[in-house]
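# Observations on chain architecture
Given next are the chains, with one letter for each unit.
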Amino acid sequence: MGSEPFRIEGETGPFEVVVGLEVHAQIVSRSKLFSGAATAFGAEPNTQVSLVDAALPGMLPVLNGECVRQAVRTGLALGCRINRVSRFDRKNYFYPDLPAGYQISQYKEPIVGEGVVEVELDDGTIRRVGIERIHLEQDAGKSIHDLHPSFSLVDLNRAGVALMEIVSRPDLRSPAEAGAYVATLRQILRAIGACDGNMQEGSLRADINVSVRRPGTPLGTRCEIKNVNSIRFIQQAVACEAARQVAVIEAGGAVQQETRLFDPERGETRPLRSKEDAHDYRYFPDPDLLPLELSEAFIEECRASLPELPAARRRRYQEELGLSPYLARVLTADVAESRWFEALLAATATRLGQPPCAVAERAANWMTGDLFAALKRLDRDIETSPVTPEQGAELLALAADGTLSGPLQKQVFEIMLETGENPGVIAATRGLRQVSDAGAIEAAVARVLAAEADKVAEYRAGKEKLFGFFVGQVMKATGGKANPQLVNAALRRALAAETR
Ligand code: MN
């Protein structure tokens, strides 16, 4: 494995951190898990609530087949066993935003069983993380406490929306591993289209179980940190909760099992409630829902519908396209970016009449360099890029055939970002083509050398680093458009002639 194990150095010796995660992923589906109400994010409050979601008496839940399909696809993509029979249970607890007084979930017999996810860390080492289960359940609504001076309000749009809860084993050993695990899940979920992975909107959020122990000793008492919704916060929450537990133990105390909240502003966790055990929820089978039975044919259909997964794509980029592990990792971190890259690669290969592997590195370097920097500056993502893959390919082709030098390529790209015009049009109409006319370049060289006779004499006397100065002067004289290779060659010829 190579990398050093992560340890917290306490006053009294080292501690190991143990992390397990329960990730709630909202399933991409137009309607809710047990009702036909819509699920669009950001709708007016309480406009997407059916009688089932409002839990009016006599309403019956009807299971949404698309949600089942996405849960099975997720289970297969995460290398998990699919349970041919699963059951829905009621998990009883009171929340003002849960009208039924219980959540329909799956307890003893979830739809997806055990599996293993391979997580690649930054240094390239692979960490195998066990998945215990994935179950289907409903989301709750949302209480709003800050819109009225004396009342709390409730928005039930989210009530009944389908979630998958992906439960890992306590196999993670550092804040970085916890972050990498969630990032990997997010990549896979987005790649297969089961969850949009939008953490700001709460489509993907993690409950984090953290405990600490002396290396080699049994598991310590854990605390659960609820609803953390960014990868950076997950890492911070693990780090500060582990440090808190170490301090408690070193002061002679014992960690109490409880549910805590992470406050990113203050960089600390605080107690929310003492931890319930499963029996506190009075789980019992939901009498309104039959057991869910899946046929082998349905499971195979789900398997056949899976696209190439990020890990396989990463391998292919290295093996077939010859990209470095770093570029392969960057370009497979997000499925939308992978698709953009592949469109760019196909268009570039076509324009240059070369196989994809011959142009992959050039396309990858430009995309992860100039394009990503521009998107970051413009605060956009690849899906709202002002430049299309076809335009990117045209730009790369103009650079490859010598029409654009490196600096001109950057200049044309900036204009593309502003205007959306094609690079060929920009180069032609704004006179930004590289000058490769040997006669014109030789004339410019001759003019520069004539004007800089003193420097030429110094160069001839052995001050060879003046060569760069001459190059600069010729580039300036040609408005930055001269082909640098031709300028270099012409200067060498001219200066050699002078010294002879
Ligand atoms: Mn849950």
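Report on the accompanying structure.

## Regarding the nonpolar core
Leu 21, Tyr 181 and Ile 208 are the most contacted members of the largest nonpolar core, which totals 66 residues. Broken down by element, the residue count for this core peaks at 8 residues, all from helix H2 (residues 175–192). Every residue in contact with Ile 208, bar those within four places of it in the chain, is listed here: Val 19, Gly 20, Leu 21, Cys 223, Glu 224, Ile 225, Val 228, Ile 234, Ala 237 and Val 238. Counting 39 residues, the second largest nonpolar core, distinct from the first, contains Val 359, Ala 364, Val 387 and Leu 398.

## Section: helix H1 (residues 65–77)
The first and last C-alpha atoms of H1 sit 18 Å apart over 13 residues, in line with the 18 Å expected at 1.5 Å per residue. Counting buried positions along H1 gives 10 out of 13 residues, so the element sits mostly inside the fold. Taken residue by residue, H1 has Cys 67, Val 68, Gln 70, Ala 71, Val 72, Arg 73, Thr 74, Gly 75, Leu 76 and Ala 77 as its buried positions. N-cap assignment for H1: the residue whose side-chain oxygen lies 2.9 Å from the backbone N of Glu 66 is Asn 64. Among the residues trailing H1, Gly 79 stands out with phi positive, at a value near 70°.

## A word on the sheet that holds strand S16 (residues 284–285)
Spatially, 3 strands are ordered S6-S5-S16 in an open sheet, and the strand pairing comes out antiparallel. Single-partner strands in this sheet number two, and they are strand S6 (102–105) and S16. Alignment of strand S5 (residues 89–92) against S16, held across 2 bridges, turns out to be antiparallel. Across the sheet, residue Arg 90 finds its bridge partner in S16, namely Phe 284.

Cut-offs and rules
- The residue count restarts for each chain, going from 1 along the sequence in the order it is written.
- Reporting in this predicted model follows two pLDDT cut-offs: at least 70 for local features of residues, and 80 or more for side-chain atom pairs to be given and counted; totals over whole chains, interfaces and linings ignore these cut-offs and use all residues.
- The side-chain values count all of the structure's non-hydrogen atoms but skip hydrogen atoms and water molecules.
- We call a set of buried residues a nonpolar core when its members are Ala, Val, Leu, Ile, Met, Phe, Trp, Tyr or Cys and they connect through side-chain atoms within 4.5 Å of each other.
- For each residue, the accessible area found with a 1.4 Å probe, counting protein chains only, is set against the maximum for its type, and the residue is called buried under 20%, exposed over 50%, and partly exposed in between.
- Here a strand is any run of E in DSSP of at least two residues, a helix any run of H or I of at least four, and the numbering for each starts at the N terminus.
- Here, two residues are considered to be in contact whenever any of their heavy atoms come within 4.5 Å of each other.
- The length a helix should cover is 1.5 Å for every residue beyond the first.
- Residues adjacent in sequence count toward polar contacts only when both atoms are side-chain atoms; beyond that, a polar contact is any pair of N or O atoms within 3.5 Å, and within protein one must be able to donate a hydrogen and the other to accept it.
- Strand pairing follows a simple DSSP-based rule, namely that at least 2 bridges must link the two strands.

Limitation: the analysis is restricted to geometry and does not speak to function.
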